[in-house]
Amino acid sequence: MSCKSAIYTVNSALPTIPVGGTIPAGTVIRRFGCNINLSGSGITLTGAGYYDVDASITAAPTAAGIVTVTLFKDGVAVPGATASATATAANDNVSLSINSLVRLQCCDDSSTLTLVLTGTESVINNASIVVEKL
């Protein structure tokens, strides 16, 4: 079964994420339809089709350096769905955004999307994710 679906999640709890750690999706602000749900730190997709993913992250690294966030689908990096920014000092806020299109094939029961931090450990001041089934 396929239906129009969307979700909007926000995490403003200020978690400190280690390098290689998953940024929690937070809480659901808006959701409709039957194909997209919040599941732990990620967003679960059900139903074959294409999904538009837009993520916006504000991070304050614990040291100067490059902060990188990558969208993962089932533990594998989505090609091209990476954003990086350089902080010149610790606690300098950097803004990152990811826009991507992912596909759930007809033989897949479900998939989970997560955001993974690399580069420099950071406090996540805000992370918002919008996923819409096209």
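Residues numbered from 1 in each chain as written. Predicted model: local features only at pLDDT ≥ 70, side-chain atom pairs only at ≥ 80, totals over all residues. Heavy atoms only, no water.

**Describing the overall build of the protein chain**
Point 1. Looking only at helices and strands, the protein chain features 0 helices and 12 strands.
Point 2. Counting helices and strands in the order they occur from the N terminus, the protein chain gives β-β-β-β-β-β-β-β-β-β-β-β.
Point 3. Taken over C-alpha atoms, the radius of gyration comes to 15 Å for the protein chain, in line with the 14 Å a tight globule of 134 residues would show.
Point 4. Dimensions of the protein chain, computed from C-alpha atoms along their principal axes, come out at roughly 50 × 25 × 20 Å.
Point 5. The buried share among the 134 residues of the protein chain stands at 44%.
Point 6. Of the contacts formed within the protein chain by residues at least 6 apart in sequence, a portion of 74% connects residues at least 24 apart.
Point 7. When the accessible surface of the protein chain is summed, it comes to about 6300 Å², and 53% of that surface belongs to carbon and sulfur atoms.
Point 8. Mean positive and mean negative side-chain charge positions of the protein chain (6 and 8 charges, respectively) differ by 11 Å. (Helix = DSSP H or I, 4+ residues; strand = E, 2+ residues; numbered from the N terminus. Rg over C-alpha atoms; globule rule 2.2 N^0.38 Å. Buried < 20%, exposed > 50% of the residue type's maximum accessible area, 1.4 Å probe, protein only. Contact = heavy atoms within 4.5 Å. Areas by Shrake-Rupley, 256 points an atom, 1.4 Å probe, with all protein chains shown as cover. Lys, Arg positive; Asp, Glu negative; His and termini not counted. Charge placed at Lys NZ, Arg CZ, Asp CG, Glu CD.)

**Description of empty space enclosed by the protein**
Point 1. Under the criterion given, the structure shown has 1 cavity of 30 Å³ or more.
Point 2. In this model, the largest cavity occupies a volume close to 50 Å³.
Point 3. Forming the boundary of the largest cavity are S41, I43, V53, A55, L71, L113, T114, L115 and I129.
Point 4. The element best represented in the lining of the largest cavity is strand β11 (residues 110-118), accounting for 3 residues.
Point 5. Along the lines of polarity and charge, the residues of the lining of the largest cavity split into 7 nonpolar, 2 polar and no charged. (1 Å grid on protein atoms, 1.4 Å probe; cavity = no way out; pocket = protein on both sides within 12 Å on 5 of 7 lines; lining within 4 Å. Points joined across faces, edges and corners; volume = space filled by probe spheres on them. Nonpolar A, V, L, I, M, F, W, Y, C, P; charged D, E, K, R; others polar.)

**Here we look at the pairing of strand β6 (residues 42-46)**
Point 1. Among the 5 residues of β6, 4 are classified as buried, and the element is accordingly described as predominantly covered.
Point 2. With 4 bridges connecting them, strand β5 (residues 36-39) and β6 associate as antiparallel partners. Residue N37 lies in a different strand from β6, and its bridge partner there is T44.
Point 3. Connecting the antiparallel pair β5 and β6 is a turn made up of 2 residues, with G40 showing a positive phi of about 65 degrees. (Pairing = 2+ DSSP bridges.)

**Digging into the nonpolar core**
Point 1. In terms of nonpolar packing, the biggest core is built from 32 residues, with I23, L45, I57, L71, L115 and V131 touching the most fellow members.
Point 2. Residue assignment for this core shows that the elements contributing at least two residues are β6, β7 (49-61), β8 (65-73), β9 (76-87), β10 (94-104), β11 and β12 (122-133). (Core = buried A, V, L, I, M, F, W, Y, C linked by side-chain atoms within 4.5 Å.)

**Some details on the state of the cysteines**
Point 1. Applying the stated criterion to the full structure yields 0 disulfides.
Point 2. Its sulfur unpaired, C106 is 5.2 Å from the next cysteine sulfur, which belongs to C107.
Point 3. You can call C106 exposed: its relative accessible area is 73%. (Disulfide = S-S within 2.5 Å.)

**Points about unusual backbone geometry**
One can expect most non-glycine residues to show negative phi and most peptide bonds to be in trans.
Point 1. Within the chain, L14 stands out as a residue other than glycine whose phi angle is a positive 60 degrees.
Point 2. Relative to the assigned elements, L14 resides in the loop between β1 (6-11) and β2 (16-17).
Point 3. For D74, which is not glycine, the phi dihedral falls at a positive 55 degrees.
Point 4. Mapped onto the secondary structure, D74 falls in the loop between β8 and β9.

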